[in-house]
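Commentary on secondary and tertiary structure
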Amino acid sequence: MSEAHAAHDDHHGQLPGTIGHVSPWQTLVKVLVTLLILTVITVAIAQVDLGRLNVVGAIGVACVKASVVTLWFMHLRYDKRFNFFILIGSFALVAWMIGYILFDTMLYQHNVQDYKRDRQAPATP
Amino acid sequence: MSTGVADHETKHDTLPARPPELAMHFDNMHQQFHSGKLGMWLFLGQELLFFCGLFTAYAVYRGNHQEMFHYAHYFLDTKMGAANTVVLLVSSLTAAWSVRCAMLEQRKGLLITLALTFICAGAFMVVKYFEYAHKLHIGAVWGGGFHVQTADLPPELLAKYPEMTGEKLKDMGVGSFFAIYFCMTGLHGLHVLVGMGLYIWLFIRALKGHFNRRWYGAVDNVALYWHIVDIIWIFLFPLLYLIG
Amino acid sequence: MAGGVVEKPAAHGKPRKHYLNHVRTFGSWLVTLDHKRIAMMYLAAVSFSLLLGGVFAISLRTVLWNGAPALPEDGILGATMEQFYNRMFTLHGAVMVFLFIIPGIPAALGNFILPMQLGTKDLALPRVNLLSWYLYVMGLCFFVAVLVFGGLDTGWTLYPPYSMGGGSQGQHVWMSLIFAYMAVFILGFSSILTGLNFIVTIHKLRPPGMGMYDMPLFLWALYATSLIQVLATPVIGITLGLSLIEHMFHVGIFLPEYGGDPVMYQHFFWFYSHPAVYIMILPAMGVQSEIMGTFTRKHIFGYKAIAWSSIAIAAIGFIVWGHHMFVSGQSPTAGIIFSFLTYLVAIPSAIKVFNWVATMYKGSIDLKTPMIYGLNFIYLFGIGGLTGLFLASISNNVHLHDTYFVIAHFHMVMVGSTVNAFLGGVHYWWPKMTGRMYNETLGRIGALLVFIGFNLAFMPQFVAGTRGMPRRYANYLDEFTVFNQASTIGAYILGSGIGLQVIYLIHSLFKGRKAPDNPWGAASLEWQSESPPDFHNFTKPPIVTGAYDYENWEYESEEAGWRLKQEVIDTGKTLSKVH
């Protein structure tokens, strides 16, 4: 349980006996600046009409931002490997669920359209 | 941790003294700290899958109703969304900084960063309140309840599609978009409120001087939770406000 | 109490202090952080749920003796017998699934045994453990509220559009549906917290001397279960959360008349509920592995195969949910893919069965009560598993869907396997948990009654199902009478078997013989503690022995139990701790 802590205890004025890795405040500020720049980029991309690429771009930038937050703010770079696996595993399941259900709903969507056409009348509360 | 249980301490001849914060079933502070942290990470994995249902609903409706989503996204104010993004990112910085302060035993810095995180969260909720109030006011709500007058449509939407009316949007099923919008941002907002509660709790504990370099798990774990709330917003913002 | 002590202080003078009597106040149970006490409270609560669900089951079978009788003019309480029947099968399903089978083995038995098999004092997060019990009780209360508010007739799956917005049932059911959503939502979080706690405990509290492959297989099974609990259960949480909002505000996510998609509900629901089936069966397989080893006195065959097949089942569980939706409106393409993937489940399941059978081969089989349940398990799980393959192929499934064949199939797995393993586990660990022995003869009779009753109840349903008898109806055609009446008799026998157990187990608490520390000669660490265990689980640090190395133990006729051989005590190492 106590392995892998000796590696990082030599810098940043860390107090002796501290558990875990202390982030220097300069790093934290740099991370925030990066995130703000990425926010500006994603807003800027959205102003241009790129068709389908807009979605890809938005999700891509969001993924980069999320990675930055997890790696530095959430200390995942310095954390136990297993915590990283939990995150990756959860994301994989999220992707699988979204992907497969989207795939299926798009395949049966024509049935829904038929149903709506048959009913004709728009929905009323 | 388990006060009360810790009183029944058994003999530990090899250790000079067990720290008072160490629960009876752990061997050392490292084990205790990393147990709590692993528990938190599993909880965060759970959180991702909890939100996953909403993201799936979003993907399904967006995938099958591109046009409707395009019109609907004009209802959301990009400026307010961007402002909220910045507020949350700053709060993430202060949250991460509070962990640093706790580890360095900087009590004043800890109190300041915890308070700043709370204030940012509050600011987020205030902006959210104005957004919600406006939508409810013009009738941009979920399901069949959607009843926006043509005059109340967003100017950008009318500028681009002058022939658009509230009735047309309603028939298009724009209510589904707002169902998803309110569920996603509402659930996220609930998480922000819970986070605010947790930061009050941390602030009180920090005032009492509970935390030190080997016993700051609560600050760390709440910060992890807060970062996940931030990450979810990082995805919500472009998906709802930006892409049309 | 490594090695076992013949003389118990209990015989003379003051009784020994253990976890049950070190504090005796009622309040000390309500705020306890001790995993053993929480486990006992869970055991009481899930047993109550089992009996509640069982009462519904017996009522259903009673109605089906001859079909629903006609009631006087306006019915009773404004409902016809058919409507009562619909509510009973809904609550039978919901109570059994959410309140009994899912928490049954992990939260009651696992909670008690997991830290002891690791040789530790408690679960890693004791407060989370207590919280999970309170959430469970809250969920139980919400289900009682469902009953009070008139019950539900939607089936335990709560499918829209029938369920939401009142369905066909009028306003009073509107409220009970809200309670049902709340109940399942809360129970889900109880389940998540239990799973989370188990994973943390296995990772962080496993002593340095014990690798993953040194753990008893019960822990591997609980580990796989916990992974599913943590990663799948939140999806049912959000699904029912959205359903609640849809039900109350008609937001248009699941209800088609407001622009929603009911098939998406089924996707969401089964994304959890199929993995949940493995939450139900995996811990049962873990119990089974322990029982098969102990009562054949032979090292479990194929340890790694059994261990990794648990993980494989958990993983495959996430990619097969669509086989519940073959006739729902899911696209044929998705259906075909799901059908293929579903066959994969058979591989790890069969690996386990082969290994249990191979463990028995040339073992010295001791037909104690838990072992009889173990044999029941193999037989019934075999049938339940193989009929699952019939249902996995789409062409069969379209015919058999929503017939009694499906009912018989999943009862074979859930009752035939999980309930058998639960009962087997309760009998196996009863001496350890309570410090008392139950009556062995009555135990064997009970196990046989369960086996006979169960087979008589569900085998005819396979036949009725293939001949087209649909599920969820209170009436049937005359040609199905013989199957239904046989099934009803079987249900009564099954019920009487469980009733007998309740009687003699409670009797044993007061009049039972004092249990030796290791009545079975089992080799995992929990048997090195005293019966019942000390508050700290072990009064002496347990000695490291293999979880299936039965040769380290010898029978001591004086105390009618087993003790570690002296040379093992002399040469063995205690579980060391890192400081």
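No experiment lies behind these values; they were computed from the predicted model shown. (Residues numbered from 1 in each chain as written. Chains lettered and ligands numbered in written order. Predicted model: local features only at pLDDT ≥ 70, side-chain atom pairs only at ≥ 80, totals over all residues.)

Helices and strands together make up the secondary structure of chain B, namely eight helices and zero strands. Secondary structure elements in chain B, listed N-terminal to C-terminal, are α-α-α-α-α-α-α-α. Relative to the compact-globule value of 18 Å for 244 residues, chain B shows a C-alpha radius of gyration of 23 Å, a clear excess of over 25%. Based on the C-alpha atoms only, the size of chain B along its principal axes is roughly 85 × 35 × 25 Å. Across the 244 residues that make up chain B, the buried fraction comes to 53%. (Helix = DSSP H or I, 4+ residues; strand = E, 2+ residues; numbered from the N terminus. Rg over C-alpha atoms; globule rule 2.2 N^0.38 Å. Buried ≥ 20, exposed ≤ 12 C-beta atoms within 10 Å, placed from the backbone.)

Now for the overall build of chain C. On a plain count of helices and strands, chain C comes out with 16 helices and two strands. Once the C-alpha set of chain C is aligned to its principal axes, its extents read approximately 75 × 50 × 45 Å. Sequence-distant contacts in chain C: of pairs separated by 6 or more residues, those separated by 24 or more amount to 83%. (Contact = placed C-beta atoms within 7 Å.)

As a general rule, the predicted coordinates of low-pLDDT regions are not to be interpreted in detail. Residues and elements named next belong to chain C. Overall, the predicted model of chain C reaches an average pLDDT of 91, with 96% of residues at or above 70. Within the model, the stretch residues 1–11 combines pLDDT values under 50 with 31 contacts to residues more than four positions away or in other chains. Listed scores for the predicted complex are pTM 0.93 and ipTM 0.93. (pLDDT = per-residue confidence, 0-100.)

Before going further, it helps to examine unusual backbone geometry. It is generally the case that most residues other than glycine have a negative phi and that most peptide bonds are trans. Residues and elements named next belong to chain C. Along the chain, Pro160 connects to Pro161 via a cis peptide bond; the corresponding omega equals 0°. Each neighbour pair has its own omega, and for Ser531 with Pro532 the value is -15°, a cis peptide bond. Inspection of the secondary structure assignment puts Pro532 in the loop between α15 (481–511) and β1 (553–556). Even without a glycine there, the phi angle at Leu158 is positive, about 55°. With respect to the element layout, Leu158 can be found in the loop between α4 (126–148) and α5 (171–204). Residue Leu158 is classed as buried on the basis of its 23 C-beta neighbours within 10 Å. Phi angles above zero are rare outside glycine, and Lys362 is one such case at about 60°. Residue position: Lys362 is located in the loop between α10 (346–360) and α11 (369–392).

Before going further, it helps to examine the interface of chain A and chain B. Tallying the contact residues gives 48 residues for chain A and 49 residues for chain B. Among the elements that take part in the side of chain A that touches chain B, helix α3 (residues 81–119) of chain A stands out by supplying 16 residues, more than any other. Among the residues forming the side of chain A that touches chain B, the class breakdown is 32 nonpolar, 14 polar and two charged. (Nonpolar A, V, L, I, M, F, W, Y, C, P; charged D, E, K, R; others polar.)

This part covers the interface of chain C and chain B. Contact residues are listed per partner, giving 38 residues for chain C and 34 residues for chain B. Those elements that place two or more of their residues in the side of chain C that touches chain B are α4, α5, α6 (217–249) and α7 (262–296) of chain C. In terms of residue class, the side of chain C that touches chain B is made up of 23 nonpolar, nine polar and six charged.

Mapped onto the fold, A:Tyr78 is located in the loop between α2 (53–73) and α3. Spatially, the C-alpha atoms of A:Tyr78 and A:Ser23 are 9.8 Å apart, while their sequence positions differ by 55 residues.

The subject of this paragraph is α15(C). Residue and element names in this part refer to chain C. For α15, spanning 31 residues, the distance from its first C-alpha to its last is 44 Å, which sits close to the expected 45 Å at 1.5 Å a residue. Residues of α15 that are buried: Phe483, Asn484, Ser487, Thr488, Gly490, Ala491, Leu494, Gly495, Gly497, Gln501, Leu505 and Ser508. Here the buried face of α15 lies against α2 (35–63), α13 (404–434) and α14 (440–466). (Expected span 1.5 Å × (residues − 1).)

Residues and elements named next belong to chain C. Relative to strand β2 (residues 561–564), β1 runs antiparallel, the two sharing four bridges. Residue Glu554 lies in a different strand from β2, and its bridge partner there is Arg563. Turn length for the β1-β2 hairpin, with the two strands adjacent in sequence and antiparallel, is four residues, and the turn residue Ala560 shows positive phi of about 55°. (Pairing = 2+ DSSP bridges.)

On to the nonpolar core. Ranked by internal contacts, the top residues of the largest apolar core, which has 287 residues, are B:Phe178, B:Ile180 and C:Tyr42. Ranked by the residues each element gives to this core, the list is headed by helix α3 (residues 81–118) of chain C, at 23 residues. Once residues lying within four places of it in the same chain are set aside, the contact partners of B:Ile180 are B:Leu54, B:Ala57, B:Tyr58 and B:Tyr61. A:Ile19, B:Leu22, B:Met24 and B:Met29 belong to the second largest nonpolar core, which has seven residues in total. (Core = buried A, V, L, I, M, F, W, Y, C linked by C-beta atoms within 7 Å.)

The next thing to look at is α4(C). Helical geometry note: an α-helix holds 3.6 residues per turn, so side chains three or four residues apart project in the same direction. Residue and element names in this part refer to chain C. Between its first and last C-alpha, α4 extends 33 Å over 23 residues, near the 33 Å set by a 1.5 Å rise per residue. Among the residues of α4, those classed as buried are Pro126, Asn129, Leu130, Ser132, Trp133, Leu135, Tyr136, Gly139, Leu140, Phe142, Phe143 and Val146. In the stretch just after α4, Gly150 is the one whose phi turns positive, near 105°.

With that out of the way, let us pick up the packing of helix α4 (residues 107–138) of chain B against helix α7 (residues 174–207) of chain B. Residues and elements named next belong to chain B. Where α4 contacts α7, the axes come no closer than 9 Å and their chain directions differ by 155°. When the axes of α4 and α7 are compared, the pair comes out roughly antiparallel. Relative to α7, α4 is oriented so that their crossing is left-handed. Contact residues: Arg107, Leu110, Leu111, Leu114, Ala115, Thr117, Phe118, Ala121, Gly122, Phe124, Met125 and Lys128 in α4; Thr185, Gly189, Val192, Gly195, Met196, Tyr199, Ile200, Leu202, Phe203, Ala206 and Leu207 in α7. Residues of the contact of α4 with α7, tallied by class, amount to 16 nonpolar, five polar and two charged. (Axes fitted to C-alpha atoms, helices over the stretch in contact; angles between N-to-C directions. Parallel < 35°, antiparallel > 145°, perpendicular 65-115°, else oblique. Left-handed = near helix turned anticlockwise from the far one by under 90°.)

Moving on, we come to the environment of A:Asn111. Residue and element names in this part refer to chain A. Tracing the backbone through its elements, the reader meets Asn111 in helix α3. Residue class for Asn111 comes out exposed when judged on the 12 C-beta atoms lying within 10 Å of it. Measuring from C-alpha to C-alpha, the distance between Asn111 and Thr34 comes to 46 Å, with 77 residues separating the pair along the chain.

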